[in-house]
Amino acid sequence: MVDISHVMDRPEVRAQLEASLRQAESRQKSNGAEDPRLKGKRCVGFRSLAEVRRDLKGTRYLVKPILETDSVAIWFGDSDTFKSFIALDVGLCVAHVGRRFCDLPTHHGAVFYVCGEGQGGIGRRVEAWHIHHRVDGDAPFFVSELPAALFDPKNAAALAEEIAALAEVHGVVPVLVFVDTLSTNMGDGDESKNPDVAKLLSNINVKVRARFHCAVVVIHHVGHGAKDRERGAYALRGNTDGRVLFRRMGGARTTALECQKTKDGPQWEPLAFEGRVVTLPGVFDSEGEPQTSLAFDPTEYVPPADKDGLPDKQASVLAVLQDMYRTQAATLALTGMDAAPRVAAKDWREKCATLGVVKDRRRFGEFKAKLVKKGTVREDQGFVYLVAQDAD
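Since the model is a prediction, treat every value here as computed from it, not as a measurement.

J.: Looking at this structure, how should I read helix α10 (residues 361–374)?
T.: Owing to its 3.6 residues per turn, the α-helix brings residues three or four apart onto one side. Here α10 spans 20 Å end to end across 14 residues, near enough to the 20 Å set by a 1.5 Å rise per residue. For α10, the full list of buried residues reads R363, F364, F367, K368 and L371. Projected down its long axis, α10 shows its buried positions confined to an angular sector of 140 degrees, all on one face. Within α10, the exposed residues directed more than 90 degrees away from the buried face are R361 and K373. Turning to α10, the residues buried within the fold contact α8 (312–335), α9 (345–355) and β13 (377–380). Backbone nitrogen of R362 and a side-chain oxygen of the N-cap are separated by 3.2 Å at the start of α10; the cap is D360. Directly beyond the C-terminal end of α10, a positive phi value near 90 degrees is found at G375.

Shown next as structure tokens:
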């Protein structure tokens, strides 16, 4: 057994543990346990308005802005988008005090990686990360030997018990749990059925996330057709706090992380990474050939292009304006008004936010400016016009 109890000497980890204890005490008071009339009647743990306002706090991140604490997120992409490599990168940065993932603000604690597939290769990936980033020493990072059938609530509870026991033995605070992948850790459920997926996510949420107030990231695949959404039931989108799409870029070993949904914070700018081949000293295959793996470095993000040469998100922003334009043109025609359609830039921005196309005001402004510069859209005194419509 690896002894990492020395980690508790670090002020940051000690502060996390003390904060967890304070949260537990606060929850005990909030659920009315001190009042005998409420004893044994707690179901979901209601808090009064005064308590909700008293406990007000800002968004808490594990890795800002891509991963919030106390949340369940799904990271999904095609089979060749290096999801597990990036997940390991994030996990090892969180486990190693002093490391920052992609130079982002990173908080630290114990990481538990529930590995449903590829157990034989995960050690090589972990070693390649340490070699490439020149990191040595132990850290509270734990990898499972078997998958967990989390569709069964008893299995989810057993997983939480094992995490709690390891945390107690090593004197660490669980802050991040990876479930890689959803399909290999689901068990008897069917990922294409909403009730089954909802039950799986509920088990993860109640048995794991709520117990440790940690972040849980579920790794999943996309479907055979649509490459921009999770494979299976819609509950994977609706019942998670965060969604990140992994997409291959032009290079052979490049991948991009694109924010699709956040719990409380604004949508963040995409991140991109390029893999580097790392030779593992003293590690050979059965035929005596040296073994290699990959480690990833940040690289420049290249947005995908649609058939008209516009990046996908920018094209979506334009599509919203085109739809608003058509609606207004139809309204003018019905009322018999002889006027050209026009859309208030403010209404366009709010519509994009409502539809979830672009929620961040600054990013919307950037897309609008690019469309104006391209000559697709004209802006005048707070209103926008489709240039193609003007020419008709």
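Continuing now.
J.: Explain the sheet that holds strand β6 (residues 174–180) to me, please; I cannot follow it from the model alone.
T.: Picture the strands of a sheet paired through backbone hydrogen bonds; they go either parallel or antiparallel. On the basis of which strands lie adjacent, the open sheet formed by nine strands has the order β5-β4-β6-β7-β3-β8-β9-β10-β11 and mixed pairing. Each edge of the open sheet is held by one strand with a lone partner, namely β5 (141–143) and β11 (290–298). Adjacent strand axes in the sheet meet at a mean angle of 25 degrees, parallel and antiparallel pairs treated alike. Taken together, the six bridges between strand β8 (residues 242–248) and strand β9 (residues 254–261) define a ladder with antiparallel strand orientation. Counterpart to R248 in the pairing with β9 is T255. Of the strands in this sheet, β4 (110–115), β5, β10 (271–284) and β11 touch helix α4 (residues 119–132), which is tilted by about 105 degrees from β10.

J.: Looking at this model, I keep getting lost on the pattern of salt bridges. Mind explaining?
T.: If the charged atoms of two oppositely charged side chains come close together, the side chains can form a pair. Under the definition given, this model contains 19 salt bridges. For E191, the salt bridge identified is with R231, shortest N-O distance 2.5 Å. Placement of E191 in the loop between β6 and α6 (194–212) and of R231 in the loop between β7 (215–221) and α7 (235–238) is noted, with a sequence separation of 40 residues between them. For E191, a relative accessible area of 14% puts it in the buried group. For R231, a relative accessible area of 26% gives the class partly exposed.

Thresholds applied
- Residues numbered from 1 in each chain as written.
- Predicted model: local features only at pLDDT ≥ 70, side-chain atom pairs only at ≥ 80, totals over all residues.
- Heavy atoms only, no water.
- Helix = DSSP H or I, 4+ residues; strand = E, 2+ residues; numbered from the N terminus.
- Expected span 1.5 Å × (residues − 1).
- Buried < 20%, exposed > 50% of the residue type's maximum accessible area, 1.4 Å probe, protein only.
- Arc of directions from axis to C-beta.
- Contact = heavy atoms within 4.5 Å.
- Polar contact = N/O pair within 3.5 Å; in protein donor to acceptor, adjacent residues only side chain to side chain.
- Pairing = 2+ DSSP bridges.
- Axes fitted to C-alpha atoms, helices over the stretch in contact; angles between N-to-C directions.
- Salt bridge = Lys/Arg side-chain N within 4 Å of Asp/Glu carboxyl O.

Everything listed is a geometric property; what it means functionally is a separate question.
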